Amino acid sequence: MTDANTPTAREIVHIHVTHPDRDNLFRAAATPSDLIKRNVKTFGVQCTQCQKTLDKLLKCSKCKGVWYCSKECQKKHWPAHKPACHDVERSSGALKFVWTFYANITLMTYLKVAVIYECGLLDNPRLGFDVPFMARIDIAIEPTEILDFAGLYLDGRTGEEKLKGMVQVNTVSAYDPNTHPPLTPMRLRLWREARAQSNAAGFGKDPVGLIEFLNYTENSTTVAFHISSSIVNTARRRQPFLCTSAVTSNQIEKPMDFCDMYRVGALTPHIVDFNKCGLTIALYRYINLHIRADEQNQLLLRTVMTEQDKEVIRAAGRNEDSLPVSILNFKMQRELLYANIMNLRR
């Protein structure tokens, strides 16, 4: 017999349909692994204290999120770094994934278009030339399998101790000089150097900006980047996405400025700008689906999840009041893949 007061166990049925040409389509669009690795080797890191470019990477052993050229610079910077320093489980920190993402031509092309819309580059011709701009990209590690995500979110557990994870983009937002603190001298210097380098290389007509990659379990990383005129023109044309149904094989055009009013606006009206939401959301939806389709780790963005990664998802399932939970909930609200999981919690 079953006690009438005993809650019925929840059963999750996941129906997954894959287009037969999905893997071939993915490989055709994806940046090759060897090109990503070559691009990563061209990157440099500056000392957090003196901004010297590092030949050897010396990082904080606790948070793995700041880098120094010497122990002397680390000691000098400690009073400023101490309040934000905390233990991080992942040995390499988030830097490895930031570099790998940044080295991926396909992902960065879509991200740059999203940044153009979010930062208003089409509306203000001064941005990126005599006025710096910065976009903030919140990234996280999620399970590669949606059922493992559901297990963490609904019950706080999964069947695997070493859970396979992947990088995902949670939000893309613009740095607003009217509501945020001024850019730090180090960031201003980084932008000015990148602007001068682009001018010297013959790219004086291309905007230059900053991207701050944030992981809510670790520290942030800021990189400079330039946006080619061809990408700006792509953003200006607003060409639709071409989607293929896995069931019928029919191709469907989805406008880039499509905005799902219920999934986004009705649930999170306090953080949505309807003039930009459909433009940026469609783009980082594509980025996340592209990474999810990479079963062979061609993009080098898969890793084992840490307990800190898992705890953010558990906290969201408990509906805790914190910034990481709000960011993850916003991502779940805008991506239909998570719709049934959120309904089960209610």
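Residues numbered from 1 in each chain as written. Predicted model: local features only at pLDDT ≥ 70, side-chain atom pairs only at ≥ 80, totals over all residues. Heavy atoms only, no water.

Novice: Could you give me a rundown of the confidence of the model for the chain, with the residues and numbers involved?
Specialist: Detailed reading of the predicted coordinates is not advisable wherever pLDDT falls low. Per-residue pLDDT for the chain averages 83, and the proportion of residues at 70 or more is 80%. Averaged pLDDT values for the elements of the chain fall to 35 in helix α9 (residues 261-266) and rise to 96 in helix α2 (residues 33-40). Ignoring residues within four places in sequence, the model shows residues 258-275, a span with pLDDT below 50, making 30 contacts including any to other chains. (pLDDT = per-residue confidence, 0-100. Helix = DSSP H or I, 4+ residues; strand = E, 2+ residues; numbered from the N terminus. Contact = heavy atoms within 4.5 Å.)

Novice: Help me get a handle on unusual backbone geometry, residues and values and all.
Specialist: Backbone geometry at N297 places phi at a positive 60°, although glycine is not the residue there. Along the chain, N297 turns up in the loop between α10 (277-292) and β9 (302-304). Positive phi, normally seen in glycine, also occurs at N319, with a value near 60°. When you line up the elements, N319 lands in the loop between α11 (307-317) and α12 (323-334).

Novice: Talk me through the nonpolar core; I want residue IDs and the actual numbers.
Specialist: General note: in soluble globular proteins, nonpolar side chains tend to be found buried as a group. One finds F101, L111, I137, F149, Y153, F213 and I341 to be the most contacted residues of the largest nonpolar core, which totals 60 residues. Among the elements that take part in this core, helix α5 (residues 105-119) stands out by supplying 9 residues, more than any other. Look past the residues within four positions of I341 in its chain and what remains in contact with it is I146, F149, A150, Y153, L154 and M332. Counting 12 residues, the second-largest nonpolar core is a separate cluster that includes V45, C63, W67 and V88. (Core = buried A, V, L, I, M, F, W, Y, C linked by side-chain atoms within 4.5 Å. Buried < 20%, exposed > 50% of the residue type's maximum accessible area, 1.4 Å probe, protein only.)

Novice: Account for the sheet that holds β9, with residues named and values stated.
Specialist: The strand order across the open sheet formed by 5 strands is β6-β5-β3-β4-β9, and the pairing between neighbours is mixed. Lying at the two open borders of the sheet, with one neighbouring strand each, are β6 (221-226) and β9. Neighbouring strand axes in the sheet, compared pairwise and without regard to direction, differ in orientation by 35° on average. As judged from the 6 bridges shared by strand β5 (residues 208-215) and β6, these two strands associate in the antiparallel manner. When the bridges of β6 are listed, L210 appears paired with A224. The sheet contacts of helix α4 (residues 95-102) involve β3 (134-143), β4 (164-174), β5, β6 and β9, and relative to β6 the element is tilted by about 10°. (Pairing = 2+ DSSP bridges. Axes fitted to C-alpha atoms, helices over the stretch in contact; angles between N-to-C directions.)

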